[in-house]
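Notes for the structure review
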Amino acid sequence: MIELRRLSPADGIDVYDMLQEIPREENGFMNNGHGKSFEEYRVWLKTMDEESHRQGIVDGWKVPSTTYWMYVDGIPVGYGKVRHFLTDSLRTAGGNIGYVIRPGWRGQGYGKELLRLLLVKARGIGMDKALVTIRKDNAASLAVARANGGVITGETDERYLVWLDTREDMK
Ligand SMILES: CC(C)(COP(=O)(O)OP(=O)(O)OC[C@H]1O[C@@H](n2cnc3c(N)ncnc32)[C@H](O)[C@@H]1OP(=O)(O)O)[C@@H](O)C(=O)NCCC(=O)NCCS
């Protein structure tokens, strides 16, 4: 069974272990739970949970964002973040949605499924479409976005700007 579970301050060692296994930064995806002690991780969870409930922009750029863990048969195998809206800088780097799969679980279709489920969450937050910004050399992520109906609508020197319809799986 595959499901998304929203980040909670009560999350435990299974999520912690996943976060230590995933690199801190990969292709622009920041895994800020990496490299923390278990106690620091519990404090971080609380901050992340609060971020999800905020309304406006903080520090000039931080927008509300909700994190979801993807569980496969009770094991966390990846996660994603949904930013509730965009700023000008997020429109060229960052976008609405970021995702990552635990290294040992890649290449089995979970990335595609994770993005599909995140788009359902984005729709639930009230978004009709979502932006993913993908480094030009990140073929796996581009394939994940395309498989979910993503269309390249622009580019910067570093990234493709890919928009996805959050209702794609309802067509
Ligand atoms: C991008 C990522 C989430 C993909 O996860 P995944 O579980 O391996 O993806 P899937 O198994 O669903 O594969 C999706 C597609 O990518 C292709 N793919 C997977 N790894 C690939 C690679 N290294 N190079 C090229 N294509 C690759 C698969 O063949 C598949 O394509 P298909 O639909 O044509 O068969 C994963 O590689 C990852 O976590 N990367 C690090 C973080 C990251 O880059 N996040 C995205 C930031 S925009």
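Attention here is on the structure that accompanies the text.

1. A look at the sheet that holds strand E5 (residues 75-83)
- On the basis of which strands lie adjacent, the open sheet formed by 4 strands has the order E1-E4-E5-E6 and antiparallel pairing. Both edges of this open sheet fall to strand E1 (2-6) and strand E6 (97-101), since each of them pairs with a single strand only. Averaged over all adjacent pairs, the angle separating strand axes in this sheet is 25°, with direction ignored.
- Relative to E5, strand E4 (residues 65-72) runs antiparallel, the two being bridged by 8 bridges. Bridge pairing in E5 places Tyr 68 opposite Gly 80.

2. Some thoughts on the packing of helix H3 (residues 110-125) against helix H4 (residues 139-147)
- Contact pair H3 / H4: the axes reach a minimum separation of 9 Å and the direction vectors enclose 50°. Overall, the two elements H3 and H4 adopt an arrangement that is oblique. Note on packing geometry: the crossing formed by H3 with H4 is right-handed. Where H3 abuts H4, its residues Gly 111, Lys 112 and Leu 115 lie against Val 144, Ala 145 and Ala 147.
- Considering only residue class, the contact of H3 with H4 consists of 4 nonpolar, 1 polar and 1 charged.

3. Here we look at the site of the ligand
- Looking at the ligand, there are 19 residues lining it, with Tyr 99, Gly 107, Gly 109, Lys 112 and Asn 138 nearest.
- Here an oxygen atom of the ligand and a backbone polar atom of Gln 108 are 3.1 Å apart.
- Measuring from an oxygen atom of the ligand, one finds a backbone N or O atom of Gly 109 at 2.7 Å.
- Elements that contribute at least two residues to the shell around the ligand include exactly E6, H3 and H4.

Basis of the calculations
- Residues numbered from 1 in each chain as written.
- Predicted model: local features only at pLDDT ≥ 70, side-chain atom pairs only at ≥ 80, totals over all residues.
- Heavy atoms only, no water.
- Pairing = 2+ DSSP bridges.
- Helix = DSSP H or I, 4+ residues; strand = E, 2+ residues; numbered from the N terminus.
- Axes fitted to C-alpha atoms, helices over the stretch in contact; angles between N-to-C directions.
- Parallel < 35°, antiparallel > 145°, perpendicular 65-115°, else oblique.
- Left-handed = near helix turned anticlockwise from the far one by under 90°.
- Contact = heavy atoms within 4.5 Å.
- Nonpolar A, V, L, I, M, F, W, Y, C, P; charged D, E, K, R; others polar.
- Near = heavy atom within 4 Å.
- Polar contact = N/O pair within 3.5 Å; in protein donor to acceptor, adjacent residues only side chain to side chain.

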